[in-house]
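# Chains, contacts and geometry: an overview
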Amino acid sequence: MSFEIRKIVTTIEETRIEGGKAADKPVTMVGVAAIIKNPWHGRGFVEDLTPEVKESCSDLGALIVDYVSKYMGGAANIEAYGKAAVVGVDGEIEHASAVVHTLRFGNHYRNAVNAKSYLGFTNKRGGAGTSIQIPMMHKDDEGFRSHYITLEMSIEDAPAADEIVVCLGASDGGRVHPRIGNRYQDIQDLAAEEAQNQSK
């Protein structure tokens, strides 16, 4: 049996101007959140969370990926991706983690966008209307700082105390006007500086 889904919420954000300068191309970010009933709520400390993970996480991952792909105009348009989960105040952070930190959930997204990078993530506990941050990175290379980008959203009535909000985020580009380079350039620069210092 799949998770009980109360509703699905989608946030779409398009950035056209940053720092007073127009973008060469607007950057669109999409966040899709499924609000599910926490299957471990009210059961005390549950030692083994895997039965529910095995039974339901794959279906949920596939469903949310379908929504994200639709709103992005196809999975091929996704350059950066990430995930987040927020458990209600009567749940454990481990409950949120159990849903999203499994290949049964995440592989649907990785496969849909042919990704090489791992999915950036947040997992936390919060009440209705809490801020949800979905951190993203380039789907092919986590070293591209241009695609360290975060979508923030909130849902006025979720999560309830016995719910989990499960989110996937997508972007069709990196930050508008990225100017901080990438970690590979840092590696080269630091190595050159170290070599120069040793030669003195």
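One can find the structure itself at the top, above this paragraph.
Residues numbered from 1 in each chain as written. Predicted model: local features only at pLDDT ≥ 70, side-chain atom pairs only at ≥ 80, totals over all residues. Heavy atoms only, no water.

### A look at the overall build of the chain
Within the chain, the regular secondary structure consists of four helices and seven strands. Along the chain, from the amino end to the carboxyl end, the secondary structure elements read β-β-α-β-α-α-β-β-β-β-α. Overall size of the chain, expressed as C-alpha extent along the three principal axes, is 65 × 40 × 30 Å. When each of the 200 residues of the chain is scored for burial, the buried share is 45%. Sequence-distant contacts in the chain: of pairs separated by 6 or more residues, those separated by 24 or more amount to 77%. (Helix = DSSP H or I, 4+ residues; strand = E, 2+ residues; numbered from the N terminus. Buried < 20%, exposed > 50% of the residue type's maximum accessible area, 1.4 Å probe, protein only. Contact = heavy atoms within 4.5 Å.)

### Comments concerning the pattern of salt bridges
Here the structure, examined in full by the defined rule, presents nine salt bridges. The salt bridge involving Arg-6 is made with Glu-163; its shortest N-O contact spans 2.5 Å. Note that Arg-6 is positioned in strand 1 (residues 5-18) and Glu-163 in strand 7 (residues 163-171), a separation of 157 residues in sequence. Residue Lys-7 pairs with Asp-157 through a salt bridge whose shortest N-O separation is 2.9 Å. Of the two residues, Lys-7 is situated in strand 1 and Asp-157 in the loop between strand 6 (149-153) and strand 7; the sequence distance between them amounts to 150 residues. By relative accessible area, Asp-157 is classed as partly exposed at 34%. Taken together, the shared-partner salt bridges in this structure form one network comprising Arg-6, Lys-7, Asp-157 and Glu-163. (Salt bridge = Lys/Arg side-chain N within 4 Å of Asp/Glu carboxyl O.)

### Thoughts on helix 1 (residues 50-71)
Between the first and last C-alpha of helix 1 there are 31 Å, a value that for 22 residues agrees with the 32 Å anticipated at 1.5 Å per step. By the largest-angle criterion, Ser-56 marks the main kink of helix 1, which is about 40 degrees. Of all the positions in helix 1, only Glu-52, Val-53, Ser-56, Cys-57, Leu-60, Gly-61, Ile-64, Val-65, Val-68 and Ser-69 are classed as buried. The secondary structure elements touched by the buried residues of helix 1 are strand 1, strand 2 (21-37), helix 2 (93-100), helix 3 (103-112) and strand 7. Where helix 1 ends, the next residue or the one after it, Gly-73, has phi of about 75 degrees, a positive value. (Expected span 1.5 Å × (residues − 1). Bend = angle between axes of the 7 residues up to and from the residue.)

### Some words on a nonpolar patch on the surface
A surface patch of nonpolar side chains, about 250 Å² in accessible area, is lined by Phe-144, Tyr-184 and Ile-187. Position of Phe-144 relative to the elements: it lies in the loop between strand 5 (132-138) and strand 6. (Patch = residues over 30% accessible without salt bridge, like charges linked within 9 Å, V, L, I, M, F, W, Y side chains within 5 Å. Areas by Shrake-Rupley, 256 points an atom, 1.4 Å probe, with all protein chains shown as cover.)

### Description of helix 3
The complete set of buried residues in helix 3 reads Phe-105, Gly-106, Tyr-109 and Arg-110. Projected onto a plane normal to the axis of helix 3, the buried residues spread over an arc of 120 degrees and lie on a single side. Facing away from the buried surface of helix 3 by more than 90 degrees, the exposed residues are Leu-103 and Asn-111. Those residues of helix 3 that are buried are in contact with helix 1, strand 3 (80-87), helix 2 and strand 7. (Arc of directions from axis to C-beta.)

### Focus: the packing of helix 1 against helix 3
The contact between helix 1 and helix 3 brings their axes to 7 Å, and the two run at 30 degrees. Relative to helix 3, helix 1 is oriented roughly parallel. Viewed along their axes, helix 1 and helix 3 form a crossing whose handedness is right-handed. In contact with Val-53, Lys-54, Cys-57, Ser-58, Leu-60, Gly-61, Ala-62, Ile-64, Val-65 and Val-68 of helix 1, helix 3 contributes Arg-104, Phe-105, His-108, Tyr-109 and Ala-112. For the contact of helix 1 with helix 3, the per-class residue count stands at ten nonpolar, three polar and two charged. (Axes fitted to C-alpha atoms, helices over the stretch in contact; angles between N-to-C directions. Parallel < 35°, antiparallel > 145°, perpendicular 65-115°, else oblique. Left-handed = near helix turned anticlockwise from the far one by under 90°. Nonpolar A, V, L, I, M, F, W, Y, C, P; charged D, E, K, R; others polar.)

### Quick look at the pairing of strand 2
Across twelve bridges, strand 1 lies against strand 2 in antiparallel orientation. Paired with Ile-17 across the bridge in strand 2 is Ala-22. (Pairing = 2+ DSSP bridges.)

### What about the pairing of strand 7?
Counting buried residues in strand 7 gives nine out of nine residues, a clear majority hidden from the surface. Going residue by residue along strand 7, you find Glu-163, Val-165, Cys-167, Gly-169 and Ser-171 tucked away on one face and Ile-164, Val-166, Leu-168 and Ala-170 tucked away on the opposite face as well. Here strand 3 pairs with strand 7 via eight bridges, running antiparallel. Across the sheet, residue Ala-80 finds its bridge partner in strand 7, namely Ser-171.

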